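So the chains spell out like this:
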Amino acid sequence: MAVQSHDARWRRPGIANLHSHAFQRAMAGLAERQGDPADSFWTWREAMYRIAARFDPDSLHAVAAQLYAEMLEAGYTRVCEFHYLHHAPDGRPYADPAAMADALVRAARDTGIRLTLLPVLYMAGGFDGRPLSARQRRFGFDVEGYLHLLESLRARQDDMLRVGCALHSLRAVPEAAMREVLAALPEHAPVHIHIAEQVGEVQDCLAMRGARPVEWLLANADVGRDWTLVHATHLEEHEIAGIARRGAVVALCPTTEANLGDGLFPMRDFIVANGRWGIGSDSHISVSPVEELRWLEYGQRLLSRHRNIVATPSSPSVGESLLRGVAESRASSTGFDDGDDEWLLLDPDAVQFAGATDADIADRWIFAGNRPLLREVRVGADTPVVDGRHRDRDAIAARYREAMIGLL
Ligand SMILES: [Zn+2]
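Quick caveat, the model's predicted, so the values are computed rather than measured.

### Thoughts on the overall build of the protein
Along the protein, the regular secondary structure elements total 14 helices and 14 strands. The C-alpha radius of gyration of the protein comes to 20 Å, within 12% of the 22 Å expected for a compact globule of 408 residues. Expressed as lengths along the three principal axes of its C-alpha atoms, the size of the protein is roughly 60 × 50 × 45 Å. Per-residue burial for the protein yields a buried fraction of 58% across its 408 residues. For the protein, the share of sequence-separated contacts (at least 6 apart) that also reach a separation of at least 24 residues comes to 76%. A total of about 17100 Å² of accessible surface is found on the protein, and carbon and sulfur atoms cover 50% of it.

### Some points on the side chain of Arg138
Mapped onto the elements, Arg138 comes out in the loop between strand E4 (114-121) and helix H4 (143-154). Although Arg138 is buried, it makes no salt bridge; Asp56 carries the closest opposite charge, 7.5 Å away.

### Observations concerning the coordination of the zinc ion
At this site the zinc ion is bound by His19 (NE2), His21 (NE2) and His194 (NE2), with donor distances of 2.1 to 2.2 Å. Read from N- to C-terminus, the donor residues coordinating the zinc ion fall into the pattern H-x1-H-x172-H. Note that His21 is positioned in the loop between strand E2 (15-20) and helix H1 (41-52) and His194 in strand E7 (residues 191-195), a separation of 173 residues in sequence.

### Considering the pairing of strand E13 (residues 382-386)
Alignment of strand E12 (residues 374-379) against E13, held across three bridges, turns out to be antiparallel. Pairing of Val377 across the sheet is with Val385, part of E13. Counting the residues in the hairpin turn of E12 and E13 gives two residues, including Gly380, whose phi is positive at 60 degrees. By the bridge criterion, two bridges tie E13 to strand E14 (residues 389-390) in an arrangement that is antiparallel. Note that in E14 the partner of Val386 across the bridge is Arg389. Counted between consecutive antiparallel strands, the loop separating E13 from E14 contains two residues, among which Asp387 sits at a positive phi close to 50 degrees.

### Here's the deal with helix H11 (residues 289-304)
For H11, spanning 16 residues, the distance from its first C-alpha to its last is 23 Å, which sits close to the expected 22 Å at 1.5 Å a residue. Within H11 the residues assigned to the buried category are Pro289, Val290, Glu292, Leu293, Arg294, Leu296, Glu297, Gly299, Gln300 and Arg301. Backbone geometry just downstream of H11 places Arg305 in the positive-phi region, at approximately 55 degrees.

### Focus on the sheet that holds E13
Taken in spatial order, the five strands line up as E1-E11-E12-E13-E14 in an open sheet, and their pairing is antiparallel. Whereas interior strands pair on both sides, the edge strands pair on one side only; in this sheet they are strand E1 (11-13) and E14. Note that strand E11 (residues 342-346) and E12 share five bridges and pair antiparallel. Each bridged residue has a counterpart across the sheet, and for Trp343 the counterpart in E12 is Arg378.

### Some points on H4
For H4, with 12 residues, the first-to-last C-alpha span of 16 Å sits near the 16 Å given by 1.5 Å per residue. Within the sequence span of H4, burial applies to Val143, Tyr146, Leu149, Leu150 and Leu153. For H4, the buried positions fall inside an angular range of 125 degrees around the axis, keeping them on one side. Pointing more than 90 degrees away from the buried face of H4 are the exposed residues Glu144, His148 and Glu151. Looking at the buried side of H4, the elements it contacts are helix H3 (99-111), E4, strand E5 (161-163), strand E6 (165-167) and helix H5 (175-184).

### Describing the packing of aromatic side chains
By the definition in use, this model includes 13 aromatic pairs. Aromatic side chains Trp10 and Phe353 sit 5.0 Å apart centroid to centroid with 65 degrees between the ring planes, which places their arrangement in the edge-to-face category. In this pair, Trp10 sits in the segment before E1 while Phe353 sits in the loop between E11 and helix H13 (361-367), placing the two residues 343 residues apart along the sequence. For Trp10, a relative accessible area of 5% corresponds to the buried category. Ring centres 5.9 Å apart and planes at 85 degrees place the aromatic pair Phe23 and Tyr84 in the edge-to-face group. Highlighted residues: Phe23 in the loop between E2 and H1 and Tyr84 in the loop between strand E3 (76-83) and H3, separated in sequence by 61 residues. Judged by its relative accessible area of 4%, Tyr84 is buried. We note Arg11 situated over the ring of Trp343; from NZ or CZ to the ring centre the distance is 4.0 Å. It is Arg209 that lies over the ring of Trp216; its NZ or CZ is 4.5 Å from the centre.

### With respect to unusual backbone geometry
Trans is the prevailing form of peptide bonds, just as negative phi is the prevailing case for residues other than glycine. Its identity is not glycine, yet Ala232 carries a phi of approximately 45 degrees, on the positive side. Note that Ala232 resides in the loop between strand E8 (227-231) and helix H8 (237-246). By relative accessible area, which is 0% here, Ala232 ends up buried. In this structure, Arg305 is a non-glycine residue whose phi angle is positive, near 55 degrees. Within the secondary structure, Arg305 sits in the loop between H11 and helix H12 (318-334).

### What to know about the nonpolar core
One finds Phe55, Tyr68, Leu217, Trp227, Trp277 and Trp365 to be the most contacted residues of the largest nonpolar core, which totals 134 residues. Here this core gets nine residues from one element, more than from any other, and that element is helix H2 (residues 57-74). Discounting chain neighbours no more than four positions away, the residues touching Trp277 are Val249, Val250, Leu252, Met267, Phe270, Leu293, Leu296, Ser321, Leu322, Gly325, Val326 and Ser329.

Cut-offs used in this document
Residues numbered from 1 in each chain as written. Predicted model: local features only at pLDDT ≥ 70, side-chain atom pairs only at ≥ 80, totals over all residues. Heavy atoms only, no water. Helix = DSSP H or I, 4+ residues; strand = E, 2+ residues; numbered from the N terminus. Rg over C-alpha atoms; globule rule 2.2 N^0.38 Å. Buried < 20%, exposed > 50% of the residue type's maximum accessible area, 1.4 Å probe, protein only. Contact = heavy atoms within 4.5 Å. Areas by Shrake-Rupley, 256 points an atom, 1.4 Å probe, with all protein chains shown as cover. Lys, Arg positive; Asp, Glu negative; His and termini not counted. Salt bridge = Lys/Arg side-chain N within 4 Å of Asp/Glu carboxyl O. Donors = N, O, S within 2.8 Å, 3.2 Å for Na, K, Ca; no water. Pairing = 2+ DSSP bridges. Expected span 1.5 Å × (residues − 1). Arc of directions from axis to C-beta. Phe/Tyr/Trp six-rings, centres within 6.5 Å; stacked < 30°, edge-to-face > 60°. Lys NZ or Arg CZ within 6 Å of the ring centre and 35° of its normal. Core = buried A, V, L, I, M, F, W, Y, C linked by side-chain atoms within 4.5 Å.

So this is what it looks like as structure tokens:
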């Protein structure tokens, strides 16, 4: 039953998912066995490459549709897709070089989520400029081919699709290529980059470029409010201040960062510096803004042995502070305006809200239990989630199951 419009206190802005690799939804839960006592991000990456090698446009469409339906049911109404699975597994372009990107666009349109497609420029296997390995070959583009892809995709932009630019990382994009691509972008195009996720990456950057990754990027690119730095886990004080001063957004992916053993972002210092931030589900071992936000706060509590870390005297509710943080980065990181046609309706009848007051709705939503508390999700002219269920949940799941048989 639809809740009347006077129940505005149960209505919240839709949440932006600032970082997604859709294909990785297919490997969630499949990298949790110890292979080597020294397992790390780098051994996880090998497992990820094995499954990445099996995708084609049809299986990517099936997996992305399942993922996007899950996102909508969880309250994500727009997603930034950091897309690098460009070519056929042997590295040769498909007849249509945008075939894999198109699979993501179709999945978004089928499910009703807004998509910010970020084709990834991925050119080198390390800071020393070494060529891509056999497993990385399907990710590679030269600058000319990349800009051509961006242009062809931009022609398709509409109310449900934005196209931005992703630089995979400093280790995968040589400096000259970075400068050429950035110079060719339209004004205010969102630019995303993985940065300072791993200590090894910080050390390599120091050795090869004489500066830490964030330090180097701020000195060599016109980083501003249109930029989203993904992870930015390992920062020194001057880098925290530098990101905040430029107004760039940091995309935090707490469940993935925990799953991969990356480390903890210095959230408290970044908030004190007035830094802008958002969340992403990245590898999709969790597809829940509630869990991302909860662990963003909990990681800091465990580290500092204090409570209510992201709250401030002017914003004492942790839940409200978290939701305000994600709302403030929603437009610039995705390239979509902040329209009032994208919202979530919480379920006022949920037992977690018994006796709720305006002051504690957000805290109950984020911190009370694990039952989904959304009744309805609206995106543009569409209501893809009603009574907590995506309208095509069963058909999408059936196609996903079939695709998984071919992928595993
Ligand atoms: Zn990523």
